[in-house]
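Letter by letter, the chains look like this.
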Amino acid sequence: MHRVVFNRFPGGVSRCLTMSYDDGVPEDIRLIEIFNKNGIKSTFFLNSINLDRDGFMPSEEIKNIYKGHEIACHMMTHPRPTTIPGTSKLVETYEDRKILERACGYPVRGLSYPFGNYDDETVEVIKSVGIEYARTTVSTRSFDLPKDFLRWHPTCRHREDLAELVEPFLAPGDDLRLFYVWGHSYEFSRSDNWNIIEDFCRRVGGRDDVWYATNIEVVDYINATKALRISIDLDTFYNPSAISVWLTVDGMTLEIPAGKTVKI
Ligand SMILES: [Zn+2]
């Protein structure tokens, strides 16, 4: 019997870093420069009602500003979801998704709960309008994959001893590790501590043993992994999805290309 282990991200690496920033403020531009310099990718969650308002992002330009990263929903008016009726939850998500899609030009598939606030009804509603994952504000301080993408608890907020987690994340090991950091870029200006994120990105960025992904890229990859068809003898793999899947078979890293069958 072959030994098949699902401990690889794209490129055959076992670590992934994904970033997540809320509210769509001008400081995002400086943050994106830092991410880009270090090959790091992020998702940015925007409230569409704030587009073109003072202190927020111009709708005409968000497509270019966030190029190479992901734009996702943060509900239209930044409500507290548990305090509003189901219909309002629906409109808040639906309208946000629609307006952001018109501005960015691709299907918007993610959301972060405003104030990290949600209940079961919120989860049902966002799912019904095509949202595939949603981030909470509950720090796990762990590198485990989420059990439920619609209740996706991050590793930590950047202001919570971020540097302390770098070493365990990069430490040798073959286990799958997902490092998920969230925050608001304006916090760096308010607290005058841009060095926190600059130092972090310098240490964790630009490595060939880490996969840098937006939030939706993580979702798509994990879904593709779960969609893999495997023979009972664990020696034939069919990947019906549109992206390559990587795994370890008998200790060797194996790529199953999109749409292909691989027999070992
Ligand atoms: Zn927010």
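A short tour of the structure in this document, coming up. It should be emphasised that the depicted structure is a prediction, and the values quoted were computed from it without experimental measurement.

1. Looking at the overall build of the protein
Check the secondary structure of the protein and you find 8 helices and 14 strands. Its C-alpha radius of gyration of 19 Å places the protein within 12% of the 18 Å reference for a compact globule of 264 residues. Each principal axis of the C-alpha distribution contributes one length, and for the protein these read about 60 × 40 × 30 Å. In the protein, 64% of the contacts between residues at least 6 apart in sequence involve partners at least 24 apart.

2. A closer look at the pairing of strand E3 (residues 42-46)
The element E3 is extensively covered by neighbouring structure, given that 5 of its 5 residues are classed as buried. Of the two faces of E3, the one lined by Ser42, Phe44 and Leu46 and the one lined by Thr43 and Phe45 are each fully buried. Bridge analysis of strand E2 (residues 15-22) against E3 gives 4 bridges, and the strand direction is parallel. Looking at the pairing, Met19 lines up with Ser42 of E3.

3. Quick notes on the packing of helix H1 (residues 27-37) against helix H7 (residues 194-204)
Contact geometry of H1 with H7 gives a least axis separation of 9 Å together with a crossing angle of 20 degrees. For the element pair H1 / H7, the angle class is roughly parallel. Between H1 and H7 lies a crossing of right-handed hand. Residues Leu31, Ile34 and Phe35 of H1 form the contact with H7, whose participating residues are Ile197, Glu198 and Cys201.

4. What to know about the sheet that holds strand E12 (residues 245-249)
A sheet is described by the order of its strands in space; here 3 strands give the open sequence E1-E12-E13, paired in antiparallel fashion. Of all the strands in the sheet, the pair left with one neighbour each is strand E1 (4-5) and strand E13 (252-256).

5. Here's the deal with helix H3 (residues 86-104)
Its 19 residues give H3 an end-to-end C-alpha distance of 27 Å, which sits within 8% of 27 Å, the value for a rise of 1.5 Å per residue. Buried residues of H3: Lys89, Glu92, Thr93, Asp96, Arg97, Leu100, Ala103 and Cys104, and no others. Along the long axis of H3, the arc covered by the buried residues comes to 135 degrees, so they all point the same way. In H3, the exposed positions that point more than 90 degrees away from the buried face belong to Thr87 and Arg102. Against the buried residues of H3 lie E3, helix H2 (62-65), strand E4 (70-73), strand E5 (110-112) and helix H4 (120-128). One or two residues past the end of H3 sits Gly105, with phi positive at roughly 85 degrees.

6. With respect to unusual backbone geometry
Peptide bonds are, in most cases, trans, and in most cases residues other than glycine have a negative phi. The phi dihedral of Asp52 falls on the positive side, at around 70 degrees, and the residue is not glycine. Tracing the backbone shows Asp52 in the loop between E3 and H2. We note that Asp192 has phi near 50 degrees; this positive angle belongs to a residue other than glycine. Classification of Asp192 by C-beta neighbours within 10 Å gives exposed; the count is 7.

7. A look at the environment of Thr248
As for its placement among the helices and strands, Thr248 is situated in strand E12. Distance from Thr248 to Gly116, taken between C-alpha atoms, is 36 Å for residues 132 residues apart in sequence. Ignoring sequence-local partners within four residues, the contact set of Thr248 consists of Val5, Asn7, Arg8, Thr253 and Leu254.

8. Topic: the sheet that holds strand E10 (residues 229-230)
One open sheet holds the 3 strands; their spatial order is E10-E11-E14, and the pairing between them is antiparallel. One side of each edge strand has no neighbouring strand; the edge strands of this open sheet are E10 and strand E14 (261-263). Pairing analysis gives 2 bridges linking E10 to strand E11 (residues 236-238), with the strands arranged antiparallel. Within E11, the position partnered with Ile230 by the bridge is Phe237.

9. Thoughts on the pairing of E13
As paired strands, E12 and E13 are joined by 5 bridges and run antiparallel to one another. Residue Val245 lies in a different strand from E13, and its bridge partner there is Ile256. Between the end of E12 and the start of E13, which pair antiparallel, lie 2 residues, with Asp250 showing a positive phi angle near 50 degrees.

10. Details of the nonpolar core
Membership of the largest hydrophobic core comes to 55 residues, with the highest contact counts inside it found for Cys16, Leu17, Ile71, Cys73, Leu100, Leu111 and Ala134. In terms of residues, this core owes the most to one element, strand E8 (residues 177-183), which gives 5 residues. Aside from chain neighbours lying at most four places away, what touches Leu111 is Phe45, Ala72, Cys73, His74, Thr93, Ile126, Ile131 and Ala134.

The rules behind each value
Residues numbered from 1 in each chain as written. Predicted model: local features only at pLDDT ≥ 70, side-chain atom pairs only at ≥ 80, totals over all residues. Helix = DSSP H or I, 4+ residues; strand = E, 2+ residues; numbered from the N terminus. Rg over C-alpha atoms; globule rule 2.2 N^0.38 Å. Contact = placed C-beta atoms within 7 Å. Buried ≥ 20, exposed ≤ 12 C-beta atoms within 10 Å, placed from the backbone. Pairing = 2+ DSSP bridges. Axes fitted to C-alpha atoms, helices over the stretch in contact; angles between N-to-C directions. Parallel < 35°, antiparallel > 145°, perpendicular 65-115°, else oblique. Left-handed = near helix turned anticlockwise from the far one by under 90°. Expected span 1.5 Å × (residues − 1). Arc of directions from axis to C-beta. Core = buried A, V, L, I, M, F, W, Y, C linked by C-beta atoms within 7 Å.

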